[in-house]
Amino acid sequence: MDLAIPLHAFIPSLNSVAVLMTYFLYLATAGSILPGKVVKGVVLQDGTRLRYRCNGLLLLVLLVALLGIGAQMDFVSPTVISDRGFELLSTTLMFGFLVTWVLFVTGCRSHNQGSSLKPHVTGNLLHDWWFGIQLNPQFMGIDLKFFFVRAGMMGWLLINLSVLAKSFQNGTLSQSMILYQLFCGLYILDYFVHEEYMTSTWDIIAERLGFMLVFGDLVWIPFTFSIQGWWLLHNKVELTTAAVVANCLVFLIGYLVFRGANRQKHIFKKNPKAHIWGKPPKVIGGKLLASGYWGVARHCNYLGDLLLALSFSLPCGISSPVPYFYPIYLLILLIWRERRDEVRCAEKYREIWAEYCRLVPWRILPYAY
Ligand code: NDP
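Residues numbered from 1 in each chain as written. Predicted model: local features only at pLDDT ≥ 70, side-chain atom pairs only at ≥ 80, totals over all residues. Heavy atoms only, no water.

(A) Looking closely at the environment of Gly-155. In this structure, Gly-155 sits in helix 6 (residues 144-170). Sequence separation between Gly-155 and Leu-218 is 63 residues; the distance between their C-alpha atoms is 8.0 Å. (Helix = DSSP H or I, 4+ residues; strand = E, 2+ residues; numbered from the N terminus.)

(B) The site of the ligand, seen in detail. Near the ligand there are 28 residues, and of these Trp-202, Tyr-302, Asp-341, Lys-348 and Tyr-349 occur at the shortest range. Within the side chain of Lys-269, a nitrogen or oxygen atom sits 2.6 Å from an oxygen atom of the ligand. The separation between an oxygen atom of the ligand and a polar side-chain atom of Asp-341 is 2.6 Å. Starting from 920 Å² of accessible surface for the ligand in isolation, the protein chains cover 91%. Elements with a contribution of two residues or more to the shell around the ligand: helix 11 (241-270), strand 6 (288-289), helix 12 (300-313), helix 13 (325-349) and helix 14 (351-359). Ranked by residue count, the leading element in the shell around the ligand is helix 13, at nine residues. In terms of residue class, the shell around the ligand is made up of 16 nonpolar, four polar and eight charged. (Near = heavy atom within 4 Å. Polar contact = N/O pair within 3.5 Å; in protein donor to acceptor, adjacent residues only side chain to side chain. Areas by Shrake-Rupley, 256 points an atom, 1.4 Å probe, with all protein chains shown as cover. Nonpolar A, V, L, I, M, F, W, Y, C, P; charged D, E, K, R; others polar.)

(C) Structural view of the nonpolar core. Of all hydrophobic cores here, the largest spans 72 residues; its most connected members are Phe-148, Trp-156, Tyr-187 and Phe-312. Of the residues forming this core, the biggest block, 13 residues, is contributed by helix 6. Among residues more than four places away in sequence, those in contact with Tyr-187 are Met-153, Trp-156, Phe-258, Asp-305, Leu-308, Phe-312 and Tyr-326. If you look at the next biggest cluster of nonpolar residues, it comprises 18 residues, including Val-257, Trp-294, Ala-297 and Val-360. (Core = buried A, V, L, I, M, F, W, Y, C linked by side-chain atoms within 4.5 Å. Buried < 20%, exposed > 50% of the residue type's maximum accessible area, 1.4 Å probe, protein only. Contact = heavy atoms within 4.5 Å.)

(D) Molecular detail of the layout of surface pockets. By volume, the second largest pocket is sized at about 960 Å³. For the lining of the second largest pocket, the secondary structure elements donating two or more residues are helix 1 (14-33), helix 2 (56-72), helix 3 (80-83), helix 4 (85-112), helix 6 and helix 9 (211-224). Split into classes, the residues belonging to the lining of the second largest pocket amount to 25 nonpolar, nine polar and one charged. (1 Å grid on protein atoms, 1.4 Å probe; cavity = no way out; pocket = protein on both sides within 12 Å on 5 of 7 lines; lining within 4 Å. Points joined across faces, edges and corners; volume = space filled by probe spheres on them.)

(E) Fine view of the packing of aromatic side chains. Summed over the entire model, instances satisfying the criterion amount to 33 aromatic pairs. Relative to Trp-129, the ring of Phe-97 lies with its centre 6.0 Å away and its plane at 10°, an arrangement referred to as stacked. Of the two residues, Phe-97 sits in helix 4 while Trp-129 sits in helix 5 (residues 125-131), which places them 32 residues apart along the sequence. By relative accessible area, Trp-129 is classed as buried at 10%. (Phe/Tyr/Trp six-rings, centres within 6.5 Å; stacked < 30°, edge-to-face > 60°.)

(F) Spatial organisation of the packing of helix 2 against helix 6. Interhelical geometry of helix 2 versus helix 6 gives an angle of 30° and a closest axis separation of 11 Å. Both helix 2 and helix 6 take part in a crossing whose hand is right-handed. For the pair formed by helix 2 and helix 6, the contact residues are Gly-56, Leu-59, Leu-60, Leu-63, Val-64 and Leu-67 on the first element and Arg-150, Met-154, Leu-157, Leu-158 and Leu-161 on the second. (Axes fitted to C-alpha atoms, helices over the stretch in contact; angles between N-to-C directions. Left-handed = near helix turned anticlockwise from the far one by under 90°.)

(G) Main features of the side chain of Gln-228. Take Gln-228: it is sitting in helix 10 (residues 227-234). Side-chain polar atoms of Gln-228 contact the side chain of Ser-313, separated by 3.3 Å. Discounting chain neighbours no more than four positions away, the residues touching Gln-228 are Tyr-180, Phe-312, Ser-313, Cys-316, Pro-323 and Tyr-326.

See below:
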């Protein structure tokens, strides 16, 4: 694989700016107009709750359909993203910088004006810009955090579809590429089917919107999670039937654990008496679920996500470490996040968290970690 990428490939053209802006415009307008379940977020410092319109699946299906029609009519090229991947990457990065500076300045301003949702300013310029100042910044009625993560997840699928079109065009479509596309496609579709679960995740309830999150959502998710697809465009892999079966099993188990754990927590938060695995739930202090996946390890959902990430890379074989970037990165991220979540939960739940830790001693992987 030739890794030498000419510098000029990164220089944004008007085309890449137009592609990106059209994408954001579509997400903003269609996201505000199209119907979807309206979900209430967590209670904010001032006692109010944000409302999230969970119409991501409809938005995604409509967008793919529109792009398909556009490609049929020769209006858009299905390979536009794979052809202009590097300049789209740098354009998105520049946009991310711009947005975070605007967020930083507006955050400082509303801090000085004593907003009721008081932004968090430490005074350390780099820290405040990187981690963000505002918890739930809005723009024209759009919750920016929810918007950016949606843009990133959809962007990941659009990149994958463009890479698929490219491999089709090149006549190099392989079993590995089909497996990779299938697993990622299902994961992303599933994300949008359960988009409302996102409203109670760490990113939405606890993380401020700074460069870290904007970069993570807009650049990191779509461009680095799709590395396997790019890699398969340039590399041929022969998989045995046993390897394909094992790969499908890793995906299936990962999915069951990931979705099962997140669903159990979501159901529990709505109705603490709802049965888990057919039995009344084991609850600690009336607030923490200690049965089902949450009785196996304190973050079984992370384990499921890690298995899924592994299943996206296995179609690439084991000849190169490059396609394993995503699961390795996710392992580091989720271990770090689990530690931060422990601190947050220990502070919030105090003795009942300590009791939960005694009852469920494993953090992510039972009998290992
Ligand atoms: P969780 O969904 O695990 O949320 C943690 C929160 O859940 C805690 O702060 C606490 O919040 C509550 N909680 C924890 N334990 C219990 C319990 N036993 N009973 C009831 N409530 C509990 O974490 P994340 O938001 O980080 O992750 C959500 C999903 O997103 C995961 O599946 C993760 O794998 C995935 N993810 C994927 C990433 C990627 O890059 N692919 C990156 C990050 C996450 P509260 O105060 O509400 O009780």
